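Spelled out from the first residue to the last, the chains are:
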Amino acid sequence: MSTNHIIAVANQKGGVGKTTTAINLATAMAAVGKSVLVIDLDPQGNASTGFGIDRASREITSYDVVLGVAAMADAIVETSVKGLFLVPSTVDLSAADLELAEMPQRNYRLKQAIEKVVSEQHFDFIFIDCPPSLSLLTLNALVAASGVLVPLQTEFFALEGLSLLLNTIQQVQGALNPDLEINGVVLTMYDRRSNLSAQVEEDVRDYLGDRVYTTVIPRNIRVTEAPSHGVPVLMYDHSCPGSRAYIQLATEMLKRTGTSIAA
Ligand code: ADP
Ligand code: MG
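All values reported here derive from a predicted model rather than from experimental measurement. (Residues numbered from 1 in each chain as written. Chains lettered and ligands numbered in written order. Predicted model: local features only at pLDDT ≥ 70, side-chain atom pairs only at ≥ 80, totals over all residues.)

Within the open sheet, the 7 strands sit side by side as β3-β4-β2-β5-β1-β6-β7. Their pairing is mixed. In this open sheet, the two edge strands, each paired with only one partner strand, are β3 (77–78) and β7 (181–188). Judged from the 5 bridges that link them, strand β1 (residues 5–9) and strand β5 (residues 125–129) form a sheet pairing that is parallel. Paired with H5 across the bridge in β5 is F125. (Pairing = 2+ DSSP bridges. Helix = DSSP H or I, 4+ residues; strand = E, 2+ residues; numbered from the N terminus.)

Given below as structure tokens:
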């Protein structure tokens, strides 16, 4: 059995494109024949909504899984994308941080749940959509992950707050998960007509070097529209600039993780 790549999509800033990236990168991976699981670890449940999983279908959620009330295998639901499965979340998850704080092994709950599920079923890629905070939930994701992907919105303050995230990653590497790698940083909502985007890109590449993906995700109205239809943009309009960028990002990630395209 080939290695599972477990990618935490993390940035404590909200609105930078974490969920959009998790949904569409996962969909692009499934499109090339990979088996993929998305774990919605944000109480806002945007990844669940983005895949069209309505509230009534979220019977067992990531909340039950991290608290150990249910096995992850029982929380997994099918999505409309072939080969792509989801562990949904609801607003219940917002209580998890306080409850986890009281629990033994509080940083390892998600890791243990994932280890159990991957001993029973195979996924080539698992993407964890993190909440916009450096909370215990995000820590659980970083402890469970093999790599972290950081979306950065291409705006003036793109790098602000990044050192806090990088410090957290370093602490996790030092104490809780020595195998954690920074898979990469991806620029999102890039505006090709704007000098500011080009300037921000240059600054980010200067500062972070080859950790930054060559692919940038353009700002694209189709990307914004897709979630309201409950489908990834790749299923909504597979040839729009946003879709093409996410396919390119997936191709680059396959190379970075040493995974062949063939399933
Ligand atoms: P996060 O999960 O980091 O909070 P989201 O992925 O939810 O961020 O994105 C925030 C908002 O920006 C959403 O409304 C989303 O539809 C929009 N958005 C994300 N990426 C793009 C893009 N490439 N082009 C246009 N809108 C985007
Ligand atoms: Mg989100």
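The next point concerns the UniProt feature "domain: AAA" (unreviewed entry) in the chain. Under the present numbering, the feature "domain: AAA" (unreviewed entry) in UniProt falls on residues 5–182. Secondary structure content for residues 5–182 is 39% helix and 17% strand, while the C-alpha to C-alpha distance between its ends is 12 Å. (UniProt positions renumbered as here; feature names shortened; annotations may be inferred.)

Neighbouring ligand 1 are 18 residues; K18, T19, T20, V223 and T224 lie closest to it. Put simply, the parts of the chain that give the shell around ligand 1 at least two residues each are α1 (18–31) and α10 (221–225). Considering every element that reaches the shell around ligand 1, the biggest residue donor is α1, with 3 residues. Across the shell around ligand 1, the residue classes break down as 6 nonpolar, 10 polar and 2 charged. (Near = placed C-beta within 6 Å. Nonpolar A, V, L, I, M, F, W, Y, C, P; charged D, E, K, R; others polar.)

Counting through the fold element by element, P43 comes out in the loop between β2 (36–40) and α2 (46–50). With 53 residues separating them along the chain, P43 and A96 place their C-alpha atoms 9.2 Å apart. Those residues in contact with P43 that sit more than four places away from it in its chain are S89, V91, L93, S94 and P131. (Contact = placed C-beta atoms within 7 Å.)

Turning next to the nonpolar core. Core analysis: the largest hydrophobic core is formed by 81 residues, its most contacted members being I128, A141 and L142. Look past the residues within four positions of I128 in its chain and what remains in contact with it is A8, V9, I39, L41, A141, A144 and A145. (Core = buried A, V, L, I, M, F, W, Y, C linked by C-beta atoms within 7 Å. Buried ≥ 20, exposed ≤ 12 C-beta atoms within 10 Å, placed from the backbone.)

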